[in-house]
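# Summary of the model geometry
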Amino acid sequence: MGTPTKIPVYILGGFLGSGKTTVLLKMLEHCKEKGKKPGIILNELGSENVEGHLFEGRKVFELLDGCICCTIQDDLKETMNMLIEEMNRSSLDVLFIEGTGVANPLEIQEVLLGDPYIDQFEIMSIITVLDASHYLEYQSYFTSSVEVRNLVKEQIICGSLLLLNKTDLIQLKQLEKVINKIKEIVGEDKEIITCTNGIVDPKILFDKRFQSFSINPLQTNINSHHHDHHSTVFAFKLEGIPALPQKTFEKWFKALPSNVLRGKGYIQIDNSSDLLSFQYASKKVKFIPVPFSNSKKTVIILIGTDLHNEDLNIHFNHLLEGVL
Ligand SMILES: Nc1nc2c(ncn2[C@@H]2O[C@H](COP(=O)(O)OP(=O)(O)OP(=O)(O)O)[C@@H](O)[C@H]2O)c(=O)[nH]1
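So, here is what we can say about the structure in this document. (Residues numbered from 1 in each chain as written. Predicted model: local features only at pLDDT ≥ 70, side-chain atom pairs only at ≥ 80, totals over all residues.)

A few words on the overall build of the protein chain. Looking only at helices and strands, one finds ten helices and twelve strands in the protein chain. Within the protein chain, the proportion of its 324 residues that are buried is 35%. Counting contacts in the protein chain only where the partners sit at least 6 residues apart, residues at least 24 apart contribute 76% of the total. (Helix = DSSP H or I, 4+ residues; strand = E, 2+ residues; numbered from the N terminus. Buried ≥ 20, exposed ≤ 12 C-beta atoms within 10 Å, placed from the backbone. Contact = placed C-beta atoms within 7 Å.)

Further remarks concern the packing of helix α2 (residues 73–89) against helix α3 (residues 105–112). At their nearest, the axes of α2 and α3 sit 10 Å apart, and the two run at 45° to each other. Taken together, the axis directions place α2 and α3 in an arrangement best described as oblique. As α2 packs across α3, the resulting crossing turns out to be right-handed. Contacts between α2 and α3 involve Gln73, Leu76 and Lys77 from the former and Glu107, Ile108 and Val111 from the latter. Grouping the amino acids of the contact of α2 with α3 by side-chain chemistry returns three nonpolar, one polar and two charged. (Axes fitted to C-alpha atoms, helices over the stretch in contact; angles between N-to-C directions. Parallel < 35°, antiparallel > 145°, perpendicular 65-115°, else oblique. Left-handed = near helix turned anticlockwise from the far one by under 90°. Nonpolar A, V, L, I, M, F, W, Y, C, P; charged D, E, K, R; others polar.)

Within strand β11 (residues 284–290), only zero of the seven residues are buried, leaving the element largely exposed. Sheet analysis places strand β10 (residues 275–281) next to β11, joined by seven bridges and oriented antiparallel. Each bridged residue has a counterpart across the sheet, and for Tyr280 the counterpart in β11 is Val285. (Pairing = 2+ DSSP bridges.)

On to unusual backbone geometry, then. Positive phi values are uncommon outside glycine, yet Asn197 reaches one of about 50°. For Asn197, the location among the structural elements is in the loop between β7 (192–194) and α7 (202–206). When the 14 C-beta atoms within 10 Å are taken as the criterion, Asn197 is described as partly exposed. Positive phi, normally seen in glycine, also occurs at Asn271, with a value near 70°. By the secondary structure assignment, Asn271 is in the loop between β9 (260–268) and β10. Take Asn271: there are 7 C-beta atoms within 10 Å of it, and that puts it in the exposed class.

Right, here's the structure in full:
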C-alpha cells in the first residue's frame, strides 16, 4: 500500500463582497461535473449564515460570529476534527475553506499546517479574490482606513492565485490602473487573472500553487498588527424587520451610510409569504427569491468600517417607521 493521499484544500480569501462565494460556487459546479465530493467550511462575520440557500443539498460546516483568523482559530480546529470524523463515514475528495472578508488566510494556513491536519490535508492554493471596482477606493488614504489598506495588501501578498473580479463594473483604463497598483505590491511576475462573476478556467482555479514549506515574508509582520482590523470592521445584525414594499427596502439600502461595505440577509415583502434573500455590495442591492422556509427568519447583517450603533439604529428606525 502506498502512503494515503492527502485531501486537497483550497482557501478562499479576499475583502468583503469581492466575490469569494461566487468563485466557490463555480468551483463546486466543477466538482459536481467531475463527480468529486467537496467539503465546505464557511466562516461568517455575523452570528448566522444567511447564504445557506446557495449551498442547498450540500454539507456545509459553518463557523459563525467571528473570523477564523483570530477569535475562532480554535473553532476551526474543532470544525476540522468534526470534518475528519465525518470523513471516516464518507470520504471527501476536496475541501474548500472560505474565510470572512476580514480574515487573513495565512492564519487558516497556520491551522492546516499544524498537527494533526498536516498529515491529512494538503493546501493547494490560497485564492485571493479582489473587487476591481473598489480596489482604488480600498487602497486610498482618503477613502479607506489604514487597517483596511493593510488587510487588502496582506490578502494580496499571501494569495497564491490573484483573481481580479468584478471587471464588468469598470472601464478598461481603470482596470489597467488597478493592475499596475497590484503589481506595485506583488511585482511584475505574479499573474493577475481578471474575471467577472468568478468565471475562470477551472484549470487555473484548481492548479496547485502552494508549497507547504514556503515562508511568507509577511509572517513576522502579521503578529504586529494582528487583531487591528477588528477595531474598525464591524458586523451588525438587525432583526424583527417588518414586511414592507420592495421599493421601501431599495430606498433604505440606497441611503445606508457609505461606510457600510457589505450587507446580506433575508427580508420579506408585504403581501408575500416568501422571503427574499438580498446581497448588498458595491453600494448596490440585489434581491433573490428563496422558497419560504420556516427555518429562516428576516434578518439584515451589515458589515462596515467604523459603524456606530446609534447611527445604524437611527437608520433602522427609519425603516421601521417608514420615514424614507
Ligand atoms: N457586477 C458584478 N457583481 C458580482 C461579481 N461577482 C460577484 N458579484 C456580486 O457581488 C455580491 C457579493 O459576492 P459574493 O460572492 O457573495 O462576495 P463575498 O466575497 O463572498 O462576500 P463576503 O462573504 O461578504 O465577504 C453578490 O451580489 C454577487 O452576485 C462580478 O464580477 N460583477
